[in-house]
There are 2 protein chains.
Amino acid sequence: MTAPVVVVGGDAAGMSAASKFKRDAPDREVVVFERGEWVSYGACGLPYYVKGAVETLEDLVSVTPEEFVEQRDIDLRTNHEVTAIDREAQTVSVDGPDGEFEQAYSELLIATGARAVEPPLDGMELDGVFTLHSMQAGADIRRAIGLETPAVDAREVASDYADTEDPESVGIIGGGYVGIEMAEAFAERGLDVHLFEMLPHTLQPFGANAAATVERHLREQGVDLHLDTAVDAITGDGRVSAIAAGDADVPVDLALVGVGVAPNTKLAEAAGIDTGETGAIATDGYGRTNDDHVYAAGDCAEATHVVTDEPDHVPLALTANRAGRAIGQTLAGDETPVGEIAGTAAVKAFDLEVARTGVIEESVAREAGFDPVSVTITAPSRAHYYPGGSEIEITMLGDRESGRVLGASMVGREGVAKRIDTVAAALHAEMTAQRLSSLDLAYAPPFSPVWDPVLTAAKVLAGKLE
Amino acid sequence: MTAPVVVVGGDAAGMSAASKFKRDAPDREVVVFERGEWVSYGACGLPYYVKGAVETLEDLVSVTPEEFVEQRDIDLRTNHEVTAIDREAQTVSVDGPDGEFEQAYSELLIATGARAVEPPLDGMELDGVFTLHSMQAGADIRRAIGLETPAVDAREVASDYADTEDPESVGIIGGGYVGIEMAEAFAERGLDVHLFEMLPHTLQPFGANAAATVERHLREQGVDLHLDTAVDAITGDGRVSAIAAGDADVPVDLALVGVGVAPNTKLAEAAGIDTGETGAIATDGYGRTNDDHVYAAGDCAEATHVVTDEPDHVPLALTANRAGRAIGQTLAGDETPVGEIAGTAAVKAFDLEVARTGVIEESVAREAGFDPVSVTITAPSRAHYYPGGSEIEITMLGDRESGRVLGASMVGREGVAKRIDTVAAALHAEMTAQRLSSLDLAYAPPFSPVWDPVLTAAKVLAGKLE
């Protein structure tokens, strides 16, 4: 009898792979080891859970452990940590509630995800300092701002966090997705928000133009922005009382640290699995590592960028789901590429939608061998006469030599998050700016001007590329 | 001295061509003859003007005649009708306020647009019966439902329509774009709306699935739908009082007839310019007719469909603008294709967005040589846990032999009108369903589930095409 397929990690990539594998090869066995309690949960939803727009942590779960076991016939073991991989013997060492054991595998998928980076700051250990690294952390923060955390099912949300009197202010360290989304969550709960970003701009992957527009909006919403400001320490006596940054000492009642994520590669590296230049696990177009029997997918793995054709590490939910599903299909016997990534992403920042795809930094484009040219336009979201429209700002990057579109960022009050997809599709098809500008896109007065803003940006870019 | 470029018709295609030509060849002359008073107006905005969401007709105009003359240096003559083309002499006969004259041309663009079809019904001449064929008609209808029509500039909106006491009901004949948009406009003004459609479904270009969803919604909104119902006559004594259809005699105070548009080809045909199978003027990829010196663009002309590669007639605003602009560029010396069409379109129907692109009728696909396979899916517009989401229904058509996506329709409360553009881009790039399903599209909980509904539809279609 062949050994089962084994999956390490029960979130997006792991559960997508296990589900697809069992659907396509129902007679074969798959075992998933998840070191935590939660599987297949939407970590992207935590900011909305913290502010109370989502009632329970359970609501974030798309498929429960029971459903995976009973409906999908997956041998899912939560609270089981894989501690080592023996590639020669094709076994993994597992530490579970009933002790340690070995599990043989025929094929192994490493889907260990990423973790919140903990910066080496004094004061990280103080009460009232959080990272949003887990479901538990989400519950802790929610309780810290005075909201209830309804217990659900067996997964009671216990916490060692001691509730305190109503906090009035919060310092957020890091202006990425998490920082921006949490700024909105805290502000909506009535807290004064201080956001610290060491770079000149927030939302680094979205480029300086979109970020500057977001920052104006954040300030209008009352967020105290401290850009270009490295935090020196979180201070307090047992409990956070201030953020020290340069000359300033900003008093806060809570602190949230969100300075990015790093791939969990320790298990893989200890077993001699190669990582790439990005630090994530190197894979081929089918998710295979340097060991033919070991795959990697999701936030711990690299993927190929559709514009640069180089390995990249963009830990996002769709990439993880898609790669997991493809590997499940491959393992079931139907070789399926994991798909290329364009780094397409969107984020809500109070009343703004921000989106990006492809390469939008000229330096990155140059490094990849392109001769980048960039344009920025603004165009209305609706027909000029239709009430309620607003402006969409688009920055689009092209390559002078080939005429190709390399990427774009967008920001506006409506019609942004999904408009970026048109550009993403153009990137996958390697369209020139000229070609993108001549697509037949939808027009109706309530939804778009006759020339969609994407067409206008591409038209202006094509003119500049001539 | 060369004769000027002459354009017949001062709306989207004509004014786009004239503007681009003068921008690229400022030393050359262009004369535009427009038989009416209005140029470059957004006819698509008339339903919103009628219901009062747009205040004046002038608001629908994107560039005024004065601006065309003074800022763009275009010799624009409103109230000038071109009555004949002499292709041998390269002149047109013009009937203007100061009499008739001949105008020589070096190159001619026919941009005569389309007209509302007037069905051969008894009662079309009654008071209170309208078609939405012109700016004037928009003002007349608005006045008929008791709203003011503010006069603007010199273009006073005179009317021979005699105001009557408050109408309480309206019969709309035809369930296309105009019928649906006007149903919303009338209903919002408090009128009882009867909508008559002779086919089994409204919104024919959007396919039966999307139409059925729209129809349920129209009924929920109180619209009285009479599907599969041919109107026999509009009846009344001097003034409309009822719509006669089969056994029914539905009393109404007003009637609006919107049964489609037909290309204005009389002028071209009289001069021996060929029309195609669709009845519109036949053109090549650069907008040229069978006469090398005569171009045609906009609602009077055919264009090449990106999926079937055949000439088609889809009178929409972007097609007209784009072709006009390309021809202007070509006439200025830079040969530019007018671009292919996908028939991409969107419409608002009360609280629903409806959109379509490509080929969605299996019979049309078969006729074009495809072996069509279709799927219909529903998927959420936002992450399942994010408040306020709704369902999007997508029907997607693919070709069994090539695996290509042929087209799609979509309907839902949000995120539909511009989501169709992703599919439109895929059609232009001749993507297979498999490839479309592996695009890296944007995900964020407020805007999309992890697998965008377009990806889900493509995934299901790809599975069925295998």
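The shown structure was predicted, so the numbers you read here are calculated from the model rather than taken from an experiment. (Residues numbered from 1 in each chain as written. Chains lettered and ligands numbered in written order. Predicted model: local features only at pLDDT ≥ 70, side-chain atom pairs only at ≥ 80, totals over all residues. Heavy atoms only, no water.)

(A) The overall build of chain A, seen in detail. What chain A contains, in helices and strands, is twelve helices and 25 strands. Relative to the globule expectation of 23 Å for 466 residues, the C-alpha radius of gyration of chain A, 23 Å, shows essentially globular dimensions. With respect to the principal axes defined by its C-alpha atoms, chain A has extents near 65 × 55 × 40 Å. Here chain A, with 466 residues, has 60% of them falling under the buried criterion. Taking the intrachain contacts of chain A between residues at least 6 apart in sequence as the baseline, contacts between residues at least 24 apart amount to 63%. (Helix = DSSP H or I, 4+ residues; strand = E, 2+ residues; numbered from the N terminus. Rg over C-alpha atoms; globule rule 2.2 N^0.38 Å. Buried < 20%, exposed > 50% of the residue type's maximum accessible area, 1.4 Å probe, protein only. Contact = heavy atoms within 4.5 Å.)

(B) A look at the sheet that holds strand β15 (residues 248–251) of chain A. Residues and elements named next belong to chain A. One open sheet accounts for three strands, arranged β13-β14-β15; its pairing is antiparallel. Strands at the two margins of the open sheet, each flanked by one partner only, are β13 (233–236) and β15. Direction aside, the axes of adjacent strands within the sheet are offset by 30° on average. Note: strand β14 (residues 240–245) against β15, four bridges, orientation antiparallel. Across the sheet, residue Ala 245 finds its bridge partner in β15, namely Ala 248. (Pairing = 2+ DSSP bridges. Axes fitted to C-alpha atoms, helices over the stretch in contact; angles between N-to-C directions.)

(C) The arrangement of the sheet that holds strand β3 (residues 75–78) of chain A in detail. All names here are of chain A. The strand order across the open sheet formed by five strands is β3-β2-β1-β7-β18, and the pairing between neighbours is parallel. A single partner strand is all that each edge strand has here, and the edge strands are β3 and β18 (294–296). On average, adjacent strands in this sheet sit at an angle of 15° to one another, irrespective of strand direction. Strands in contact with helix α1 (residues 12–24) are β1 (5–8), β2 (30–34), β3 and β7 (108–110); relative to β2, the strand with the most contacts, it is inclined by about 165°.

(D) Geometry of the relation of the copies chain B and chain A. Of the two same-sequence chains, chain B is brought onto chain A (RMSD 0.0 Å, axial shift 0.0 Å) by a rotation of 180°. The relationship between the two copies is best expressed as a two-fold rotation axis. Among all residues of chain B, the minimum C-alpha distance to the rotation axis is found for Thr 422 of chain B, at 2.3 Å. The residues that chain B uses at the interface reappear at the interface of chain A in 100% of cases, marking a shared surface. (Least-squares fit on C-alpha atoms with pLDDT ≥ 70 in both.)

(E) Broad picture of the interface of chain B and chain A. Taken together, the contact pairs 57 residues of chain B with 57 residues of chain A. Summing both sides of the interface, chain B and chain A together bury roughly 5,000 Å²; the carbon and sulfur share of this comes to 65%. At the surface where chain B touches chain A, the tally comes to two salt bridges. Across the pair Asp 452 of chain B and Lys 418 of chain A runs a salt bridge whose closest N-O atoms are separated by 2.6 Å. There are 22 residue pairs in polar contact (both at pLDDT 80 or more) connecting chain B and chain A. Counting only elements with at least two residues in the side of chain B that touches chain A, the list comes to α8 (317–331), β21 (345–349), α10 (420–428) and α12 (453–465) of chain B. (Buried area = accessible area lost by both parts, 1.4 Å probe. Salt bridge = Lys/Arg side-chain N within 4 Å of Asp/Glu carboxyl O. Polar contact = N/O pair within 3.5 Å; in protein donor to acceptor, adjacent residues only side chain to side chain.)

(F) Structural context of the domain arrangement of chain A. Residue and element names in this part refer to chain A. With domains assigned, chain A is organised as domain 1 (5–36 + 79–115 + 262–331), domain 2 (118–259) and domain 3 (351–465). Measuring from the centre of the C-alpha atoms in domain 1 to the corresponding centre in domain 3 gives 35 Å. Residue-level contacts link four residues of domain 1 with eight residues of domain 3. Buried surface at the junction of domain 1 and domain 3, both sides included, amounts to about 530 Å², of which 71% is carbon and sulfur. The interface formed by domain 1 and domain 3 holds zero residue pairs in polar contact (both at pLDDT 80 or more) in total. Class assignment of the residues belonging to the side of domain 1 that touches domain 3 gives a composition of two nonpolar, two polar and no charged. (Domains from an automatic or database assignment. Nonpolar A, V, L, I, M, F, W, Y, C, P; charged D, E, K, R; others polar.)

(G) Geometry of helix α12 (residues 453–465) of chain A. Look at α12 of chain A: 18 Å from first C-alpha to last across 13 residues, which is about the 18 Å you get at 1.5 Å a residue. Among the residues of α12 of chain A, Pro 453, Val 454, Leu 455, Thr 456, Ala 457, Ala 458, Leu 461, Ala 462 and Leu 465 of chain A are the ones counted as buried. Contact partners of the buried residues in α12 of chain A: β23 (372–380), β24 (391–399), β25 (405–412), α10 (420–428) and α11 (433–437) of chain A together with α8 of chain B. The backbone nitrogen of Val 454 of chain A lies 2.8 Å from a side-chain oxygen of the residue at the head of α12 of chain A, namely Asp 452 of chain A. (Expected span 1.5 Å × (residues − 1).)

(H) Inspection of the packing of α1 of chain A against helix α8 (residues 317–331) of chain A at higher detail. Residue and element names in this part refer to chain A. Their axes nearest at 7 Å, the elements α1 and α8 cross at an angle of 30°. Relative to α8, α1 is oriented so that their crossing is right-handed. Seen from α1, the contacting residues are Ala 12, Ala 13, Ser 16, Ala 17, Lys 20, Phe 21, Arg 23 and Asp 24; seen from α8, they are Ala 320, Asn 321, Gly 324, Arg 325, Gly 328, Gln 329 and Leu 331. Each residue belonging to the contact of α1 with α8 can be placed in one class, and the counts come to six nonpolar, five polar and four charged. (Left-handed = near helix turned anticlockwise from the far one by under 90°.)

(I) Fine view of helix α6 (residues 207–220) of chain A. Residues and elements named next belong to chain A. Counted at 1.5 Å a residue, the expected span for α6 with its 14 residues is 20 Å, and the 20 Å between its end C-alpha atoms agrees. Among the residues of α6, Gly 207, Ala 210, Ala 211, Thr 213, Val 214, Glu 215, His 217 and Leu 218 are the ones counted as buried. Positive phi appears at Gly 222, one or two residues downstream of α6, with a value of about 95°.

(J) How the structure looks around the pairing of β24 of chain A. All names here are of chain A. For β24, the buried fraction is high: eight of the nine residues fall into the buried class. In terms of strand pairing, β23 meets β24 through nine bridges, oriented antiparallel. Paired with Pro 372 across the strands is Asp 399, a residue of β24. Pairing of β24 with β25 involves seven bridges; the strand directions are antiparallel. The partner of Gly 398 across the bridge, within β25, is Val 405. With antiparallel pairing between neighbouring strands as the criterion, β24 and β25 make up a hairpin whose turn holds five residues, including Gly 403 at a positive phi of roughly 80°.

(K) Examining the side chain of Asp 291 of chain A more closely. Relative to the helices and strands, Asp 291 of chain A is located in the loop between α7 (266–270) and β18. Here the side chain of Asp 291 of chain A touches Arg 87 of chain A through a polar contact of 2.8 Å, side chain to side chain.

(L) Unusual backbone geometry, seen in detail. The phi angle at Leu 203 of chain A is positive, at roughly 45°, despite the residue not being glycine. Along the chain, the position of Leu 203 of chain A falls in the loop between β11 (192–196) and α6. Note on Leu 203 of chain A: relative accessible area 1%, which makes it buried. A positive phi angle, close to 50°, is found at Glu 430 of chain B, a residue other than glycine. Its place among the elements puts Glu 430 of chain B in the loop between α10 and α11 (433–436).

(M) Local environment of the pairing of strand β16 (residues 254–257) of chain A. All names here are of chain A. On β16, burial covers both faces: Leu 254 and Leu 256 on one face and Ala 255 and Val 257 on the other are all buried. Here four bridges tie strand β10 (residues 169–173) to β16, and the two strands are oriented parallel to one another. Paired with Gly 171 across the strands is Ala 255, a residue of β16.

(N) Spatial organisation of the packing of aromatic side chains. Applying the stated criterion across every chain yields a total of six aromatic pairs over all chains. The ring of Tyr 49 of chain A carries the charged tip of Arg 142 of chain A above its face, separated from the ring centre by 4.3 Å. (Phe/Tyr/Trp six-rings, centres within 6.5 Å; stacked < 30°, edge-to-face > 60°. Lys NZ or Arg CZ within 6 Å of the ring centre and 35° of its normal.)

(O) Spotlight on the environment of Ala 320 of chain A. Residue and element names in this part refer to chain A. Along the chain, the position of Ala 320 falls in helix α8. With relative accessibility at 5%, the residue Ala 320 sits in the buried group. In the structure, Ala 320 is positioned 19 residues away from Ala 301 in sequence and 8.9 Å away in space, judged by C-alpha atoms. In contact with Ala 320, other than residues within four places in its own chain, are Ala 12, Ala 13 and Gly 298.

(P) Examining the packing of α10 of chain A against α10 of chain B more closely. It is the contact of α10 of chain A with α10 of chain B, at a shortest axis distance of 8 Å, that shows an interaxial angle of 20°. Considered as vectors, α10 of chain A and α10 of chain B are oriented roughly parallel to each other. Considering only the axes of α10 of chain A and α10 of chain B, their crossing is right-handed. On α10 of chain B, the residues touching Asp 421, Thr 422 and Ala 425 of chain A of α10 of chain A are Asp 421, Thr 422 and Ala 425 of chain B. Within the contact of α10 of chain A with α10 of chain B, the residues separate by chemical class into two nonpolar, two polar and two charged. (Parallel < 35°, antiparallel > 145°, perpendicular 65-115°, else oblique.)

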